[in-house]
Amino acid sequence: MSFILALDQGTTSSRALVFDHDGNVRGLAQKEFRQIFPEPGLVEHDAEEIWASQLGVAVEAVARAGLSAAEIAAIGITNQRETTVVWDRRTGKPIYNAIVWQDRRTAAECDRLKGLGLEATFRAKTGLVLDPYFSGTKLAWLLDHLPGARARADRGELAFGTIDSWLVWNLTGGERHLTDASNASRTLLFNIHEGDWDQELLQLLRIPPAILPEVVPSSQVYGETAARFFAARVPISGIAGDQQAALFGQLCDRPGMVKNTYGTGCFMLMQTGERPVLSERNLLTTVACRLGDRTEYALEGSVFAAGAAVQWLRDGLGIIRSSEEVETLAASVPDNGGVYLVPAFAGLGAPHWDPYARGTLLGITRGTTAGHIARATLESIAFQTADLLEAMESDAATPLAELRVDGGATANNLLMQFQADLLGVPVVRPRVRETTALGAAYLAGLAIGYWQDRGEQSRLWQAEQTFTPAADPGRMAELRYNWSRAIERSKGWIQP
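Residues numbered from 1 in each chain as written. Predicted model: local features only at pLDDT ≥ 70, side-chain atom pairs only at ≥ 80, totals over all residues. Heavy atoms only, no water.

### A short note on the overall build of the protein chain
Tallying secondary structure elements over the protein chain gives 16 helices and 23 strands in all. Expected size for 496 residues packed as a compact globule is a radius of gyration near 23 Å; at 21 Å, the protein chain falls within 12% of this value. A principal-axis box enclosing the C-alpha atoms of the protein chain has dimensions of 60 × 55 × 45 Å. Looking at the protein chain as a whole, 62% of its 496 residues qualify as buried. The contacts of the protein chain with a sequence gap of at least 6 include a subset with a gap of at least 24, amounting to 73%. Working note: accessible area of the protein chain is about 17,900 Å², and carbon and sulfur atoms make up 50% of it. (Helix = DSSP H or I, 4+ residues; strand = E, 2+ residues; numbered from the N terminus. Rg over C-alpha atoms; globule rule 2.2 N^0.38 Å. Buried < 20%, exposed > 50% of the residue type's maximum accessible area, 1.4 Å probe, protein only. Contact = heavy atoms within 4.5 Å. Areas by Shrake-Rupley, 256 points an atom, 1.4 Å probe, with all protein chains shown as cover.)

### A short note on the pairing of strand β21 (residues 403-406)
When a strand is regular, its side chains alternate between the sheet's two faces. Here β21 shows no split at all, with L403 and V405 on one side and R404 and D406 on the other all buried. Bridge count between strand β15 (residues 258-262) and β21: three bridges; the pairing is parallel. Each bridged residue has a counterpart across the sheet, and for T261 the counterpart in β21 is D406. Sheet analysis places β21 next to strand β22 (residues 427-430), joined by two bridges and oriented parallel. (Pairing = 2+ DSSP bridges.)

### Here's the deal with the environment of L247
As for its placement among the helices and strands, L247 is situated in helix α9 (residues 242-249). For L247, a relative accessible area of 2% gives the class buried. Taking the C-alpha atoms as reference points, L247 and P276, separated by 29 residues in sequence, lie 16 Å from one another. Residues within four places of L247 in sequence aside, it is in contact with C252, K259, L269, Q271, A288 and A298.

### A closer look at the pairing of strand β3 (residues 25-32)
Judged from the seven bridges that link them, strand β2 (residues 13-19) and β3 form a sheet pairing that is antiparallel. Within β3, the residue paired with V18 across the bridge is G27. Hairpin connection, β2 to β3: the antiparallel pair is bridged by five residues, and G23 has positive phi, about 80 degrees.

### Overview of the side chain of H45
Checked against the element boundaries, H45 lands in strand β4 (residues 44-45). Apart from residues no more than four positions distant in its own chain, H45 is found in contact with T11, F33, R34, Q35, I36, I50, Q80, N97, A98 and V100.

### Some remarks on helix α3 (residues 119-126)
Here α3 has its buried residues at F122, R123, K125 and T126. If you follow the buried residues of α3, they end up packed against β10 (190-191), α8 (199-204) and β17 (284-291). Once α3 ends, the next one or two residues include G127, with phi positive near 80 degrees.

### Structural notes on the packing of helix α1 (residues 47-64) against helix α6 (residues 163-171)
At their nearest, the axes of α1 and α6 sit 11 Å apart, and the two run at 60 degrees to each other. In terms of orientation, α1 and α6 fall into the oblique class. The handedness of the crossing between α1 and α6 comes out as right-handed. Residues A47, E48, I50, W51 and Q54 of α1 form the contact with α6, whose own contacting residues are I163, W166, L167, N170 and L171. (Axes fitted to C-alpha atoms, helices over the stretch in contact; angles between N-to-C directions. Parallel < 35°, antiparallel > 145°, perpendicular 65-115°, else oblique. Left-handed = near helix turned anticlockwise from the far one by under 90°.)

### Overview of the state of the cysteines
Within the structure shown, the criterion is met by zero disulfides. Looking at C252, it has no disulfide partner, and the nearest cysteine sulfur is the one in C289, 12 Å off. Note on C252: relative accessible area 2%, which makes it buried. Looking at C266, it has no disulfide partner, and the nearest cysteine sulfur is the one in C252, 15 Å off. (Disulfide = S-S within 2.5 Å.)

### Some details on unusual backbone geometry
Note that the residue after A350, namely P351, is joined by a cis bond; omega there is -5 degrees. Note on placement: P351 falls in the loop between β19 (340-342) and β20 (360-362). We note that L251 has phi near 55 degrees; this positive angle belongs to a residue other than glycine. Assignment of secondary structure puts L251 in the loop between α9 and β15.

### A word on helix α4 (residues 135-145)
When you tally the buried positions in α4, you get nine out of 11 residues, the bulk of the element. Within α4, burial applies to S135, G136, T137, K138, L139, A140, W141, L142 and L143. On its buried face, α4 is in contact with β6 (85-88), β7 (98-99), α2 (107-115), α5 (149-154) and β8 (158-161).

### Section: the environment of V216
With respect to the element layout, V216 can be found in strand β12 (residues 214-216). In this structure V216 comes out as buried when scored by relative accessible area, which is 1%. A C-alpha to C-alpha distance of 20 Å links V216 and A226, two positions 10 residues apart in sequence. Excluding residues within four positions of it along the chain, V216 makes contact with L178, T179, D180, A181 and Y222.

### Let's talk about the sheet that holds β17
With respect to topology, seven strands assemble into an open sheet ordered β17-β18-β16-β15-β21-β22-β23, the strand pairing being mixed. Edge strands, defined here as strands with exactly one partner in the open sheet, are β17 and β23 (463-467). Sheet twist, expressed as the mean angle between neighbouring strand axes with direction ignored, is 30 degrees. Two elements, strand β16 (residues 266-273) and strand β18 (residues 294-303), share seven bridges in a ladder whose sense is antiparallel. Along β18, the bridge assignment pairs G273 with Y297.

### Quick look at the packing of aromatic side chains
In the structure shown here, the tally under the stated rule is 19 aromatic pairs. An angle of 15 degrees between the planes, with centres 5.1 Å apart, marks the rings of F383 and W483 as stacked. Of the two residues, F383 sits in helix α12 (residues 370-396) while W483 sits in helix α16 (residues 473-490), which places them 100 residues apart along the sequence. Assessed through its relative accessible area of 1%, F383 is described here as buried. (Phe/Tyr/Trp six-rings, centres within 6.5 Å; stacked < 30°, edge-to-face > 60°.)

Structure, rendered in structure tokens:
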């Protein structure tokens, strides 16, 4: 037998999973790494720590599966997407910390570009809004603020990449500098209609083309791991950004199918097939994957703080010792007691897109307990998801039949039931919840014939539990109304 190794490089941890042909997890390893907050609203990672942790868990996961590297047929990579790394091509060393997708330091630059009337240009070409979330303005900031960086980039001495590019560069010993189309579509530099870097956008953001990676399909043999990392040279043959990988892993392969991933953030994607649907409700149009010459698209809504809000309860307030405790604490009260948390710790994502919003806790009385705050935190995740779905259904003119869910927070039954009650449609949790890593494995396996086609993969998908709506719709409407009031009070707190 042979197996597929998936590298799942996330915002707070590096993970590696070994999958067998039935899509079962045979080995898993995970390691958290530092979150660096130089100033409020700024978030960085040590790119070398990311690489070291990812290599370490890869070796550990193979060992835990009781396998040798010779039994790994291929490697698939999925990654936190817009996080930006620039490194020296000769030494392979980053010239600065990785600037994380949550980072808001380029909000003023985005405002400047909007003031020049350029938002429509970026929107039409990239499917994205002008927001600090994306990589392009982060890359421009690095070139502008690090002495000599722009001149070095012009001379071709530097390489830019999102985390997938950084991992491939290191895994291949510096032989390949590339990114797949799904990650490229998150940079503000990629024309999703033409399928390549856009020269006009590069000029607007002053990005030298020499710094950019090659854009490749999401499923293809890109190269092999350097001999020093494993006992065998293993093909690298699948790449997708984490949310697109989860869409693929959930087998949402027909237009109108929707998945939501509950991780550090919350990300909802609707498959739209080979037709890019441009949003009128501030959602994103993104590349779902590129398979050969075929490009598939998706509508996406992004929530910046989902699991991060629970982490704040643990690390910031100290009212829980582990994230798993939040469900018990939230269940200690019958309802939210009128308390609403808007976890806009780094601004608001879709459909609001306000980088100047900040976290807001409303409705507190002397009777408010830690249980009410915990419940409000969980409910905030579901409320933000409902906002996304409402916008998505409007844009696609397609009502939702069911929501497929994945990510760590889906283990929380209280949250999943509340989500179903709020949406009024079934919420379906799959038997294999590691759908982000599974999507990367599926892409890698397709490239080498491990799975013959997507039809074979689709037959592996099974539901583990379905949560059906059970609450009074009138009560849900009242809760959503109060949530909308809370959202409005969080906006524009920081002055531009």
